[in-house]
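Next come the chains, spelled out residue by residue.
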Amino acid sequence: MVFLFTTTPARAGDVESRVDSLLQQMTLNEKVRLLCGHDNRFTYPVPRLGIPQLQMSDGPVGAHNDGPDTAYPSSIALAATWNADLAMQFGESIGSDCRARGDNFILGPAMDMYRVPVCGRNSEYLGEDPYLSGTIAARVVRGIQSKGVAATVKHYAGNEQEDHRGTESDEVDERTLREIYMRQFEIVVRDSHPWAVMAAYNRINGTYCTANHWLLTDVLKNEWGFEGIVMSDWGATHDEVGPANAGLDLEMPGGEHFTPAKLLPLIKNGSIPQAAIDDKVRRLLRVMVTMGFLDRPQKDSSIPLDNPRSVQTALEIARQGTVLLKNEGNLLPLDRTRIKSVVIIGPNADPGVVGCGGSSQTEPFHSVSVVAGVQKLVGKTVNVIYLPLTPEQQLDDLAAHSLYQPISADASAPLQAEFFDNKELQGSPKFIRGDKTIHFDWSAQTPPPAGLDVQHFSARWTTKITPPADGNYTFALGSHEGSRLFIDGEQVIDLWAGHPFRQESITRKLTGGKTYNLRIEFFSGWHECSVRFGWGAARPVLDSHQQEKIASADAAIICVGFNTDTESEGFDRPYALTSNQNDLILSVSHLNPHSIVLINSGGNVAMNSWINHIPALLQAWYPGQEGGTALAEILFGDTNPSGHLPATFEKRFQDSPAYKYYPGKDDKVPYKEGIFVGYRYFDAKNIEPRYPFGYGLSYTTFKFSDLKIKPALPDGQEFTATVRVTNTGDRAGGEVAQFYVGQDNPSLPRPPRWLVGYGKVFLMPGESKVRSVTIDPSSLCYWDTALHHWKVDAGGYQLWAGASSRSLGVKAGFAFP
């Protein structure tokens, strides 16, 4: 059976007539002026016609362009709630925040796929499954637009990595695009009718998204019936004719291509049809009329900037989005009537890590760290001991680190420094000199020597070191842009990628009196660049005072992960935590068997070195301004964790289906894993993940039973699936009923099962509830590349229900006509 899905929002006659009237009154110059932004986030007004300047706020987790705002948890934390009603509440809250500031558009939700765990924007996205991502985003959009603010779904499409995002091309087949990387956008457009879509930076099969006619016009506007505007990501427009004719309506932030000076001659000579210009303006006017931008002030001063309702929403997302991944021996929740002391340690313990960097970075009016949250919750009943890390232990301030001493105090034996006028250390050096240290900070104001281009050079330093005695020695390297360290020809630190300042350290056992060859390499690709290196005798991870406090406490809470500097838009992050954080976890766990790790990250991290040494693990994502309160409640049992993973956590990066294709070569990223993304791949290949898609522990237990399908034999229309969920434990808690479908004898390769429905249910001890979901036939479809349509095969199917993609306790079969 072939499905030709067509969903076009009904146009209100009075809206269209008003749009027509305004359009007819506009001059061509006024029309063109509307098509590009200015001052980073505004459109141009047409005062004589009452067309206002429109204001945009970056997103997706805070309306933060006008000063402090509510800092919500990261989008992936929202997805981890698996709670569509809470997603709606979030949309309403951030929509109200926008109205309090006069924003007409919010640049969110973001909904590209979690393809690799290291993508710098995974925290802004909604996981690896297009159905979960699309349905959560659809409710966010509805909530935002119910407050008179236009949602901007982004980044359409394929922005699954930040490294090389401005030039890389996703090489991906049509079926994979339709079923995985565009499906969530289709769900949102058809279900919630957002008024703006943002075209991504990257290319798809060689064509920039902003100039891709098939993507923007053929599919989005014509096939899906999208009636709003397509805007570019900031700086993602590369010319005039291609994007204008492809369906891009608004260039942001503007001033480069869609200007009267550049477009008017092209309209006059016929390169860009007048009808295309009118369609773009019509779409923008339609948004203005429909959303009421022409009839009221957008700023609503009755809404407080620091809105208590928004604060409560942020807290609830943090509560429901935190995922309990491990709880060996039921260490959690901690019983504050029985324990006397708890130690909190780690770089993310205080101040709290609210969010990651880039578009998600939001400055809150106030925030709660883990330390502050625990202290407030337990009061005087438990002695809370916070152990701050020294700069040497954190390696946060590398400039102050005592390792950064001259490699040789003897000025007659400097490092040999070779500088190249390219980024690849190729050819003969531009010049050679001797350096006593590697501690450089170059910029446009303090350029590198000998006339090298600050954005296009590389350097290599070589020297020999001779440690005075046998022992462990630490080597620390940090750079803005790429760097790497070799000891006797072996690469031991790899930061060889474009990124803001990032650092790493390693500890090696060296032989006293033996000479070792060091080679440090660096390249610059940005107007800000720096590199620093040092080495010295290793210090203990923890000093004697810290060790004593940790060993004597009843429990130890270790707060690690990334922050705004190390996980952000613009670059992909490392898979592993820094070595000093891994060492900290091991050191604390050896001192205290009741160690709990809290991780701030947008996705999975390397855990192999320490996961078997700690009994409890919480994935806190980026929990927003109220994160410390929520995490304290979970640690001590005031809140029962109910988050479930929206992405598969593999045991090692190499297990990821996209690992061998990432980050691509020569600006081409092959998506050769096809539709087998995340759990689809792990199930098809029978690979055991560390934690499967949909996984999440609770302080109580649940049972699934009585799975039913109504009607028992679907007739080609939507049908209902129900399952009974029972709380079989002694605590109140929340569980997610997840429904998956698989085809018995597929005519082409398909995953063993895929998500088709979900619902969150909260139960008292011993309580049961029936959870139902409506399953549309589109959930059974695959994309037929010969017919270029969705298609569903007749035959047998299986329906499962359970608590994760690998915990599906009940099953029912059905036949589709």
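Quick caveat, the model's predicted, so the values are computed rather than measured.

Analysis parameters
Residues numbered from 1 in each chain as written. Predicted model: local features only at pLDDT ≥ 70, side-chain atom pairs only at ≥ 80, totals over all residues. Heavy atoms only, no water. Core = buried A, V, L, I, M, F, W, Y, C linked by side-chain atoms within 4.5 Å. Buried < 20%, exposed > 50% of the residue type's maximum accessible area, 1.4 Å probe, protein only. Helix = DSSP H or I, 4+ residues; strand = E, 2+ residues; numbered from the N terminus. Contact = heavy atoms within 4.5 Å. Axes fitted to C-alpha atoms, helices over the stretch in contact; angles between N-to-C directions. Parallel < 35°, antiparallel > 145°, perpendicular 65-115°, else oblique. Nonpolar A, V, L, I, M, F, W, Y, C, P; charged D, E, K, R; others polar. Pairing = 2+ DSSP bridges. 1 Å grid on protein atoms, 1.4 Å probe; cavity = no way out; pocket = protein on both sides within 12 Å on 5 of 7 lines; lining within 4 Å. Points joined across faces, edges and corners; volume = space filled by probe spheres on them. Salt bridge = Lys/Arg side-chain N within 4 Å of Asp/Glu carboxyl O. Phe/Tyr/Trp six-rings, centres within 6.5 Å; stacked < 30°, edge-to-face > 60°.

1. A closer look at the nonpolar core
Consideration 1: Counting 140 residues, the largest nonpolar core has Phe-105, Tyr-156, Met-231, Leu-285, Val-723, Phe-739 and Leu-799 as its most contacted members.
Consideration 2: The element best represented in this core is helix α11 (residues 274–291), accounting for nine residues.
Consideration 3: For Val-723, the contacting residues outside a window of four places in its chain are Phe-704, Ser-705, Asp-706, Leu-707, Ala-737, Phe-739, Lys-769, Val-770, Arg-771, Ala-801 and Val-810.
Consideration 4: Judged by nonpolar contacts, the second largest core, of 40 residues, contains Leu-586, Val-605, Ile-611 and Trp-621.

2. Let's talk about the packing of helix α6 (residues 174–181) against helix α7 (residues 183–192)
Consideration 1: Interhelical geometry of α6 versus α7 gives an angle of 50° and a closest axis separation of 5 Å. It follows that α6 is oblique to α7 by the angle criterion. For the pair α6 and α7, contact is made by Leu-177, Arg-178, Glu-179, Ile-180 and Tyr-181 and by Arg-183, Gln-184 and Phe-185, respectively.
Consideration 2: Looking at the contact of α6 with α7 residue by residue, the class counts come to four nonpolar, one polar and three charged.

3. What about the sheet that holds strand β14 (residues 383–387)?
Consideration 1: The mixed open sheet is built from six strands, whose spatial order is β12-β27-β26-β25-β13-β14. This sheet does not close on itself; its edge strands, each paired only once, are β12 (323–327) and β14. Across the sheet, the axes of successive neighbouring strands diverge by a mean angle of 20°, strand direction being ignored.
Consideration 2: Sheet analysis places strand β25 (residues 555–561) next to strand β26 (residues 595–600), joined by six bridges and oriented parallel. The partner of Ile-558 across the bridge, within β26, is Val-597.

4. Remarks on the environment of His-439
Consideration 1: Within the fold, His-439 resides in strand β17 (residues 438–442).
Consideration 2: Residues His-439 and Val-531, 92 residues apart in the sequence, show an inter-C-alpha distance of 6.0 Å.

5. Let's talk about empty space enclosed by the protein
Consideration 1: This model, assessed by the stated rule, comprises five cavities of 30 Å³ or more.
Consideration 2: If you add up the space inside the largest cavity, you get close to 100 Å³.
Consideration 3: Mapped by element, the contributors of at least two residues to the lining of the largest cavity are β26 and α17 (627–635).
Consideration 4: Among the elements that take part in the lining of the largest cavity, α17 stands out by supplying three residues, more than any other.

6. A closer look at the pattern of salt bridges
Consideration 1: The final tally for this structure, using the stated rule, is 40 salt bridges.
Consideration 2: Two residues, Lys-221 and Asp-249, come together in a salt bridge whose shortest N-O distance is 3.0 Å. Residue Lys-221 is found in helix α8 (residues 213–223), and its partner Asp-249 is found in the loop between α9 (241–246) and α10 (260–268); the two are separated by 28 residues along the sequence.
Consideration 3: The shortest N-O distance in the salt bridge between Glu-490 and Arg-508 comes to 3.6 Å. Of this pair, Glu-490 sits in strand β21 (residues 490–495) while Arg-508 sits in strand β22 (residues 502–510), and the two are 18 residues apart along the sequence.
Consideration 4: The exposure class of Glu-490 is partly exposed, given its relative accessible area of 41%.
Consideration 5: The exposure class of Arg-508 is partly exposed, given its relative accessible area of 30%.
Consideration 6: Several salt bridges share partner residues, and in doing so they unite Arg-121, Glu-124, Glu-162, Arg-165 and Glu-569 into one network.

7. Observations concerning the layout of surface pockets
Consideration 1: Of the voids in this model, the second largest pocket is the one considered here, and its volume is about 1,100 Å³.
Consideration 2: Forming the boundary of the second largest pocket are 43 residues, of which Tyr-131, Thr-135, Ile-187, Val-756 and Ser-779 lie nearest the centre.
Consideration 3: In the lining of the second largest pocket, the residues fall into 19 nonpolar, nine polar and 15 charged.

8. Focus on the packing of aromatic side chains
Any two aromatic rings considered together are summarised by their centre-to-centre distance and by the angle between their planes.
Consideration 1: Tallied over the full model, the rule gives 31 aromatic pairs.
Consideration 2: Between Tyr-156 and Phe-185, the aromatic rings sit 5.2 Å apart at their centres with planes inclined by 65°, giving edge-to-face as the arrangement. Of this pair, Tyr-156 sits in strand β6 (residues 150–156) while Phe-185 sits in helix α7, and the two are 29 residues apart along the sequence.
Consideration 3: The buried category is assigned to Phe-185, whose relative accessible area is 1%.

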